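# Structural overview for review
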Amino acid sequence: MPLALVAGSCWSLVVNQLALHSAVHGASRAYVLSSSTAVANTRVRAVAVATETRYGLAPRSIAMTVTCSVPGCLVPGAYVTIRGARTVALAVPIVGRWTVTVRAVDTAVVDQAR
């Protein structure tokens, strides 16, 4: 029984990491394809929520930060980097309850043909 609980906690961590990586990757693509930074920021949040739902996770706040290689972000040839973090609560027999923060980073380039 305890082994099954440990395996379940490990699997939960894996699913959360996969969801976060997918969300960050999708958000970076959505950002660089947007027409403005306001639209891009809205799309980043929408991608995060949609990805969590797709992975069967309750939508929670994924902390996402956007950094750009140039001011204005959506300049052709600019690099847009999105970093995401999500805290996962785990319950492991004997050890007890604890939290782990999973992180992911993705960089996309704004297309030259803008």
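Procedures and definitions
- Residues numbered from 1 in each chain as written.
- Predicted model: local features only at pLDDT ≥ 70, side-chain atom pairs only at ≥ 80, totals over all residues.
- Heavy atoms only, no water.
- Helix = DSSP H or I, 4+ residues; strand = E, 2+ residues; numbered from the N terminus.
- Buried < 20%, exposed > 50% of the residue type's maximum accessible area, 1.4 Å probe, protein only.
- Lys, Arg positive; Asp, Glu negative; His and termini not counted.
- Salt bridge = Lys/Arg side-chain N within 4 Å of Asp/Glu carboxyl O.
- Contact = heavy atoms within 4.5 Å.
- Disulfide = S-S within 2.5 Å.
- Core = buried A, V, L, I, M, F, W, Y, C linked by side-chain atoms within 4.5 Å.
- Pairing = 2+ DSSP bridges.
- Expected span 1.5 Å × (residues − 1).
- Arc of directions from axis to C-beta.

### A short note on the side chain of Asp 106
Examined against the element boundaries, Asp 106 turns out to sit in strand β3 (residues 96-109). In this structure, Asp 106 is buried with no salt-bridge partner, the nearest side chain bearing the opposite charge being Arg 29 at 7.0 Å. Contact partners of Asp 106, with chain neighbours within four places excluded, come to Val 24, His 25, Ser 28, Val 80, Thr 81 and Ile 82.

### Structural notes on the state of the cysteines
In protein chemistry, a disulfide is the covalent bond that joins the sulfur atoms of two cysteines. The tally for this structure, following the rule as stated, stands at 1 disulfide. There is a disulfide in this structure between Cys 68 and Cys 73, and the S-S distance comes to 1.8 Å. Across the S-S bond linking Cys 68 and Cys 73, the dihedral sits near 90°, which makes this disulfide right-handed. Owing to a relative accessible area of 13%, Cys 73 belongs among the buried residues under this scheme.

### Examining the side chain of Arg 86
If you trace the backbone, Arg 86 turns up in strand β2 (residues 79-92). Taking the relative accessible area as the measure of exposure, Arg 86 reaches 2% and is therefore buried. Ignoring anything within four residues of it in the chain, the contact list for Arg 86 reads Asn 16, Leu 20, Glu 52, Leu 57, Ala 58, Arg 60, Ile 62, Val 100, Thr 101 and Val 102.

### So, the nonpolar core
Core analysis: the largest hydrophobic core is formed by 25 residues, its most contacted members being Tyr 31, Met 64 and Ile 82. Broken down by secondary-structure element, the contributors of at least two residues to this core are α1 (2-32), α2 (37-54), β2 and β3. If one sorts the elements of this core by residue count, α1 sits on top with 7 residues. Residue contacts for Ile 82: discarding those within four places in its chain leaves Val 24, Ala 27, Ser 28, Tyr 31, Val 44, Met 64, Thr 65, Val 66, Ala 104, Val 105 and Asp 106.

### Observations regarding the pairing of β3
The sheet contact formed by β2 and β3 spans 14 bridges and is antiparallel. Across the sheet, the residue bridging to Tyr 79 is Val 109, located in β3. The turn joining β2 and β3, which pair antiparallel and follow one another in sequence, is formed by 3 residues; a positive phi near 70° is taken by Ile 94.

### With respect to α2
Across its 18 residues, α2 extends 25 Å between first and last C-alpha, which sits within 8% of the 26 Å expected from 1.5 Å per residue. Considered for burial, the residues of α2 that qualify are Ala 40, Val 44, Val 47, Ala 48, Thr 51 and Glu 52. Taken around the axis of α2, the buried residues stretch over an arc of 125°, which confines them to a single face. Exposed side chains of α2 directed beyond 90 degrees from the buried face belong to Ala 38, Thr 42 and Arg 54. Taken from the residues just after α2, Gly 56 is the one with a positive phi, measuring 80°.

### With respect to unusual backbone geometry
Backbone geometry follows two general trends: most residues other than glycine have a negative phi, and most peptide bonds adopt the trans configuration. Phi at Cys 73 takes a positive value of approximately 60°, unusual for a residue other than glycine. Within the fold, Cys 73 resides in the loop between β1 (63-68) and β2.

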